[in-house]
Amino acid sequence: MIDRRTFSKVLGIGTGAAAVSLSGFQADAGAVEARDVRDAGEARVPVVPTVAPGTHTSFGRVKQVRAGVLDVGYAEEGPRHGPVVICLHGWPYDIHSYVDVAPLLAAQGYRVIVPFLRGHGSTTFLSSRTVRNAQQSAVALDILALMDALKIDKALLAGFDWGSRTADIIAALWPERVKGLVSVSGYLVTNVEAQQKPLAPKAEYTWWYQYYFATERGRLAMEDKTDRHDLCRLVWDTVSPTWDFDDAVFERTAAAFENPDYAAIVIHNYRWRLGLADGERRYDRYEKVLATRPVISVPTITLDPERDPFTAPGDGASYRDRFTGKYAHRTLAGIGHNLPQEAPTAFAQAVVDVDHF
């Protein structure tokens, strides 16, 4: 066990943040048999009203709070004392991935928090001396620090892409902070050593930008405003082939890419995953545990977007053994990578459903 003061010093998050207990770590074992939950049985589960994607275009005022090493920008909707849902975006996206989801959940009585991840939008580093590090455990600890800053003891976590990975890590290492989990694409915890092994050629092709970012040309492209804009737009077009969004939808999100640390954070994230960039020693203890692929015991719904080129075959079978609590899996036909924005009603319903497991 590590005490609050020592932990805060190690992570540089100040003594006001809650301590994170290493006793929350779980071994890579399937001792608890998972039970599929396809409905809520006797429980009465609210049905989320159907809305068309793009019904909403903006949040209200973006709030700011100092949390850990960051000044975090976040949108908030719903009653102040409602059960908390934290929605986490991916790359190259921002909080607008939840612009339709948040009001749906707020109408069900949830307090919905949608933060910009580090390097995105109005989330900035408090110190110029802080390493612009985007390894997975650093991003997860950002969200724990945010919860502490907002005095949120426990929340439902929901995410896709970087957001799924972040939510998965918190659920695996600190399950006492997670009431339930909605994870698009299932179990996304990164094992850097395993990443050294080649994938099938078709899968490698899909990850073209990861390898581009490993080069100096890729770094320069991300630092150039025009190249960055066009590259991110290309990713949107290719990973969401059925999503009929217009230029205005993309531009609202693209504004978040103007963060001064955006390029550094994105490049470090993808290089670190491939073992081409170092992390920080203060996160080694977490990465060591994550390399064992710890199981997730909290109630979980996993969602697979059928038209996402990253969706693994097998209808979730490849990661089913990582979830040992109450569990359900759903595949959304005709939906691409940005699932919350493409299918907001289905995403919001998954959050409500997992809260009633």
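Look up: the structure comes first, before these words.
Our subject in this report is the structure included herewith.

Under the definition given, this model contains 27 aromatic pairs. Pairing Tyr 209 with Phe 213 gives two aromatic rings, centres 6.1 Å apart and planes at 55 degrees, and the pair type is tilted. Of the two residues, Tyr 209 and Phe 213, both sit in the buried class.

To continue, consider the environment of Gly 334. Looking at the secondary structure, you find Gly 334 in the loop between β10 (326–332) and α12 (339–342). Residues Gly 334 and Trp 243, spaced 91 residues apart in sequence, show a C-alpha to C-alpha distance of 8.8 Å.

The next thing to look at is the layout of surface pockets. The computed volume of the largest pocket comes to approximately 1200 Å³. Of all the secondary-structure elements, those providing two or more residues to the lining of the largest pocket are α4 (162–173), α5 (201–206), α6 (208–212) and α10 (262–273). In terms of residues, the lining of the largest pocket owes the most to one element, α5, which gives 4 residues. The class makeup of the residues in the lining of the largest pocket is 18 nonpolar, 10 polar and 10 charged.

The side chains of a regular strand alternate, first on one face of the sheet and then on the other. Most of strand β3 (residues 70–77) is tucked away: 6 of the 8 residues are buried. Relative to β3, strand β2 (residues 63–67) runs antiparallel, the two sharing 5 bridges. Bridging from a neighbouring strand, Ala 67 pairs with Leu 70 of β3. Here β2 folds back onto β3, and the loop between the two strands holds 2 residues, one of which, Gly 68, carries a positive phi near 65 degrees. Both β3 and strand β6 (residues 124–125) contribute to a ladder of 2 bridges, which runs antiparallel. The residue bridging Leu 70 from the neighbouring strand is Phe 125, located in β6. In this structure, β3 lies alongside strand β5 (residues 111–115), joined through 4 bridges in antiparallel fashion. Bridge pairing links Ala 75 to Val 114 in β5.

In terms of nonpolar packing, the biggest core is built from 105 residues, with Ile 86, Trp 91, Leu 105, Phe 213, Met 222, Leu 303 and Phe 347 touching the most fellow members. The greatest single-element share of this core, amounting to 9 residues, is contributed by helix α3 (residues 136–149). When neighbours within four sequence positions are excluded, Leu 105 is seen to be in contact with Val 85, Tyr 110, Val 112, Ala 348, Val 351 and Val 352.

Before going further, it helps to spend a moment on the pattern of salt bridges. Following the criterion strictly, the structure yields 15 salt bridges and no others. Across the pair Lys 179 and Asp 355 runs a salt bridge whose closest N-O atoms are separated by 2.8 Å. In this pair, Lys 179 is assigned in strand β8 (residues 178–184) and Asp 355 in helix α13 (residues 344–355), connecting sequence segments 176 residues apart. Lys 179 sits in the partly exposed class, given a relative accessible area of 39%. Assessed through its relative accessible area of 16%, Asp 355 is described here as buried. Residue Arg 219 pairs with Glu 216 through a salt bridge whose shortest N-O separation is 2.2 Å. Here Arg 219 pairs with Glu 216, and both are found in helix α7 (residues 216–223), just 3 residues apart, close to one helical turn. On the basis of relative accessibility, which here comes to 23%, the residue Arg 219 falls in the partly exposed class. In the salt-bridge network here, residues are joined through shared partners; they are Lys 63, Glu 76, Arg 80 and Arg 111.

This part is about helix α9 (residues 247–254). Every buried residue of α9 is accounted for by Val 249, Phe 250, Thr 253 and Ala 254. Angularly, the buried residues of α9 cover 135 degrees about the axis, an arc narrow enough to put them on a single face. At its buried positions, α9 is contacted by α8 (225–239) and α12.

Reading the values: the criteria
- Residues numbered from 1 in each chain as written.
- Predicted model: local features only at pLDDT ≥ 70, side-chain atom pairs only at ≥ 80, totals over all residues.
- Heavy atoms only, no water.
- Phe/Tyr/Trp six-rings, centres within 6.5 Å; stacked < 30°, edge-to-face > 60°.
- Buried < 20%, exposed > 50% of the residue type's maximum accessible area, 1.4 Å probe, protein only.
- Helix = DSSP H or I, 4+ residues; strand = E, 2+ residues; numbered from the N terminus.
- 1 Å grid on protein atoms, 1.4 Å probe; cavity = no way out; pocket = protein on both sides within 12 Å on 5 of 7 lines; lining within 4 Å.
- Points joined across faces, edges and corners; volume = space filled by probe spheres on them.
- Nonpolar A, V, L, I, M, F, W, Y, C, P; charged D, E, K, R; others polar.
- Pairing = 2+ DSSP bridges.
- Core = buried A, V, L, I, M, F, W, Y, C linked by side-chain atoms within 4.5 Å.
- Contact = heavy atoms within 4.5 Å.
- Salt bridge = Lys/Arg side-chain N within 4 Å of Asp/Glu carboxyl O.
- Arc of directions from axis to C-beta.

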